[in-house]
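Reading the structure
Spelled out, the chains give:
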Amino acid sequence: MKRKKRQEEHIDEGWLLPYADMLTLVLALFIVMFAMAKVDESKFSEFRDQFGIIFSGSAPGGDSIVGSVIDFGQHGSGTGALEEDEESPEATTKAKEEEKEVKLAQKMEDKQMLEVSQKLKEELKGLELSGDTNVSLRSDGLHINLDSNILFLPGDAQMSAEAKKSLDSLSEHLKKMSQEVVIAGHTDTVAINPPYKSNWELSAARAISVMDYLIEEKVIERDKISIQAYGDTKPQTTNQTVKGRAKNRRVEIIIKKVYQ
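Here's what I pulled together on the structure shown here.

Procedures and definitions
- Residues numbered from 1 in each chain as written.
- Predicted model: local features only at pLDDT ≥ 70, side-chain atom pairs only at ≥ 80, totals over all residues.
- Heavy atoms only, no water.
- Helix = DSSP H or I, 4+ residues; strand = E, 2+ residues; numbered from the N terminus.
- Buried < 20%, exposed > 50% of the residue type's maximum accessible area, 1.4 Å probe, protein only.
- Contact = heavy atoms within 4.5 Å.
- Core = buried A, V, L, I, M, F, W, Y, C linked by side-chain atoms within 4.5 Å.
- Lys, Arg positive; Asp, Glu negative; His and termini not counted.
- Salt bridge = Lys/Arg side-chain N within 4 Å of Asp/Glu carboxyl O.
- Polar contact = N/O pair within 3.5 Å; in protein donor to acceptor, adjacent residues only side chain to side chain.
- Expected span 1.5 Å × (residues − 1).
- Pairing = 2+ DSSP bridges.
- 1 Å grid on protein atoms, 1.4 Å probe; cavity = no way out; pocket = protein on both sides within 12 Å on 5 of 7 lines; lining within 4 Å.
- Points joined across faces, edges and corners; volume = space filled by probe spheres on them.
- Nonpolar A, V, L, I, M, F, W, Y, C, P; charged D, E, K, R; others polar.

A count of helical and extended segments in the protein gives 8 helices and 5 strands. What you see in the protein, going N to C, is helices and strands ordered as α-α-α-α-α-β-β-α-β-α-β-α-β. Per-residue burial for the protein yields a buried fraction of 33% across its 260 residues. Across the protein, contacts joining residues at least 24 apart in sequence account for 67% of those joining residues at least 6 apart.

Below you can see the structure in the form of structure tokens.
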């Protein structure tokens, strides 16, 4: 009797297909995570669309498994940081436009201050006050120095009628300026007499006196003007001579630049 041939045994390979699918998904996940680490949003979107097509395994309900993984990466917390770090083209364009506007405004302000300084010099020269005044354009704004002898008596902070005339000659030009104005008071080193206790108080009182007059005459709005008092701490020249001390006793009107 012939022996029956033993039936060959075949290894079941059905597990290979889901295993391969799982490896594909894991590979896709790691590629997506790598792509999310890049800041090029346009390339990431293109990459997502392409892999959504290539690895579109059917999930229950007909959705793409890989597509859902990629979409989760896009809307999750990972891309939030990227969006904060990466400036959009619209934001970049807006920033450039704002920068241009600031530069244009700065040029216009510089031009305005230069014109006013030239007109003030001519005005003061015509009033024969050029020897007691100085107009200069500096990095922080327009500085108008008025020697105290044309505004106040020695040791006093009350303005005379003549002093108010001197300020009136500046008023028309100051009214045209919309910038903030600082009135700074300065003195020499000579000891002061009552009612002021120190040169600090005298310099402050003189600055306030000028400020009050400019506000009363509606030359400058009260919310755009302030005072500074330096006493004898910022001399322009030596305090060892009569002429030097006269130059150091001064009130300075500073029209502050908005764009410095």
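In this structure, Leu151, Leu167, Leu170, Ile183 and Val210 are the most contacted members of the largest nonpolar core, which totals 30 residues. Counting only elements with at least two residues in this core, the list comes to helix H5 (89-126), strand E2 (141-147), helix H6 (161-175), strand E3 (181-186), helix H7 (199-216) and strand E5 (250-256). Ranked by the residues each element gives to this core, the list is headed by H7, at 5 residues. Those residues within four positions of Val210 in sequence are excluded, and the remaining contacts are Leu151, Phe152, Met159, Leu167, Ile183 and Val251.

One can find Arg250 in strand E5. Within the buried core, Arg250 has no salt-bridge partner, and the shortest N-O distance to an opposite charge, that of Glu252, equals 4.7 Å. At 2.9 Å, the side chain of Arg250 and the backbone oxygen of Lys234 are in polar contact. When neighbours within four sequence positions are excluded, Arg250 is seen to be in contact with Asn145, Leu146, Asp147, Ser148, Ala184, Gly185, His186, Lys234, Pro235 and Gln236.

Another point: H7. Between the first and last C-alpha of H7 there are 26 Å, a value that for 18 residues agrees with the 26 Å anticipated at 1.5 Å per step. Turning to H7, its buried residues are Asn199, Leu202, Ser203, Ala204, Ala205, Arg206, Ala207, Ser209, Val210, Met211, Tyr213 and Leu214. Elements that come into contact with the buried residues of H7 comprise H6, E3, strand E4 (225-231) and E5. One or two residues past the end of H7 sits Lys218, with phi positive at roughly 60 degrees.

What follows covers the pairing of E5. Counted residue by residue, E5 has 6 buried out of 7 residues, so it is predominantly covered. The sheet contact formed by E2 and E5 spans 7 bridges and is antiparallel. Paired with Asp147 across the bridge in E5 is Arg250. Two strands pair when backbone bridges link them, and E3 and E5 are joined in this way by 6 bridges, in the antiparallel orientation. When the bridges of E5 are listed, Gly185 appears paired with Val251.

With that out of the way, let us pick up the layout of surface pockets. The gaps of empty space that remain are located by a probe, the size of a water molecule, rolled over the atoms. Within this model, the largest pocket holds a volume of roughly 230 Å³. What lines the largest pocket is a set of 16 residues, among which Pro154, Gly155, Asp188, Arg206 and Arg249 lie closest to the centre. Class assignment of the residues belonging to the lining of the largest pocket gives a composition of 8 nonpolar, 5 polar and 3 charged.

So, about the pattern of salt bridges. Between side chains of opposite charge, a pair can form when the charged atoms approach closely. In this structure the tally under the stated criterion is 7 salt bridges. Asp140 is the partner of Lys256 in a salt bridge, and the nearest nitrogen-oxygen pair spans 3.6 Å. Of this pair, Lys256 sits in strand E5 while Asp140 is found in the loop between strand E1 (133-138) and E2, placing the two residues 116 residues apart along the sequence. Residue classification places Lys256 among the partly exposed positions, given a relative accessible area of 28%. As a salt-bridge pair, Asp188 and Arg249 come within 2.6 Å of each other at their nearest N and O atoms.

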